[in-house]
Amino acid sequence: LELEEVSSTAVTGPTGPSTLRLNRDTWFVIDASNIVKSEKPYKTQTLLDFFEHLESLGFDRERFAAIADAPLRYQVMSSKGGGDEGREFEELLATPNLVQSAKGVPADKDILTIAYAIALRGDTCKVVTDDWFIDHQRAMPNRHKWFKKNHLQFTQIAGVWSIDPDIVASDEGE
């Protein structure tokens, strides 16, 4: 499968010209560190709240793959100033929804590699991050080119999530 065959198409319809209609079985590779750090104190519940938001839009949690930078597991602990009281991060890490990058390796590379591989096997995949991965543009030109077409940004204020562009689950998506 060539890069040109992995597309991202905005569909104009009743939801508005900037709304992406995505198939319900779309994969979401999520920058867990970005999501968790969108609110202080840092806590695992913020990532779970984002999962719930995607589910409320009609997407399947079995297709959410969050990837965290290695230090995040410590940054969420209350003893380090985070908001987790117990083993919330460790419990989520034991599920298929969260993996942690290797110590000393930023999650960015894993996010690009995994998302691109999912797309190359023929599945629709979107990357949720507030990063543009500019520092990976030269080392991974094909992945970065694909990423620019499949990047979703997010904002979260007072527990309300916004994804840009707007997305909606559909049985007739990409």
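Residues numbered from 1 in each chain as written. Predicted model: local features only at pLDDT ≥ 70, side-chain atom pairs only at ≥ 80, totals over all residues. Heavy atoms only, no water.

Novice: It is not clear to me how unusual backbone geometry should be interpreted in this structure. Could you clarify?
Specialist: What is expected of a backbone is that most residues other than glycine have negative phi and most peptide bonds are trans. Residue Lys40 is joined to Pro41 through a cis peptide bond whose omega torsion reads -5 degrees. The omega torsion of the bond from Asp164 to Pro165 falls at 0 degrees, within 30 degrees of zero and hence cis. Turning to its location among the elements, Pro165 is positioned in the loop between strand E7 (160-164) and strand E8 (167-170). Of note, Phe133 is a non-glycine position whose phi angle comes to about 55 degrees, a positive value. Topologically, Phe133 is positioned in the loop between strand E5 (125-128) and helix H6 (141-149). In this structure, Ala158 takes a positive phi of about 55 degrees despite not being glycine. For Ala158, the location among the structural elements is in the loop between strand E6 (151-157) and E7. Judged by its relative accessible area of 76%, Ala158 falls in the exposed class. (Helix = DSSP H or I, 4+ residues; strand = E, 2+ residues; numbered from the N terminus. Buried < 20%, exposed > 50% of the residue type's maximum accessible area, 1.4 Å probe, protein only.)

Novice: What should I look at first to understand the side chain of Thr44 in this one?
Specialist: As for its position among the elements, Thr44 is in helix H2 (residues 44-56). For Thr44, a relative accessible area of 1% translates into the label buried. At 3.4 Å, the side chain of Thr44 forms a polar contact with the backbone nitrogen of Phe89. With residues up to four places along the chain from it excluded, the contact list for Thr44 reads Val76, Asp84, Glu88, Phe89 and Leu92. (Polar contact = N/O pair within 3.5 Å; in protein donor to acceptor, adjacent residues only side chain to side chain. Contact = heavy atoms within 4.5 Å.)

Novice: I'm lost on the sheet that holds E7 in this one. Help?
Specialist: Backbone-to-backbone hydrogen bonds join strands into a sheet, with any given pair of strands oriented parallel or antiparallel. The sheet built from six strands is open, its strands ordered E4-E3-E2-E5-E6-E7 with mixed pairing. The open sheet has two edge strands with one neighbour each: strand E4 (98-100) and E7. The mean angle between the axes of side-by-side strands here comes to 25 degrees, regardless of whether they run parallel or antiparallel. On top of the sheet, H2 reaches strand E2 (27-31), strand E3 (64-68), E4, E5, E6 and E7; it is set at about 65 degrees to E7, its chief contact. Where H6 meets the sheet, it contacts E5 and E6, and its direction lies at approximately 85 degrees from that of E5. (Pairing = 2+ DSSP bridges. Axes fitted to C-alpha atoms, helices over the stretch in contact; angles between N-to-C directions.)

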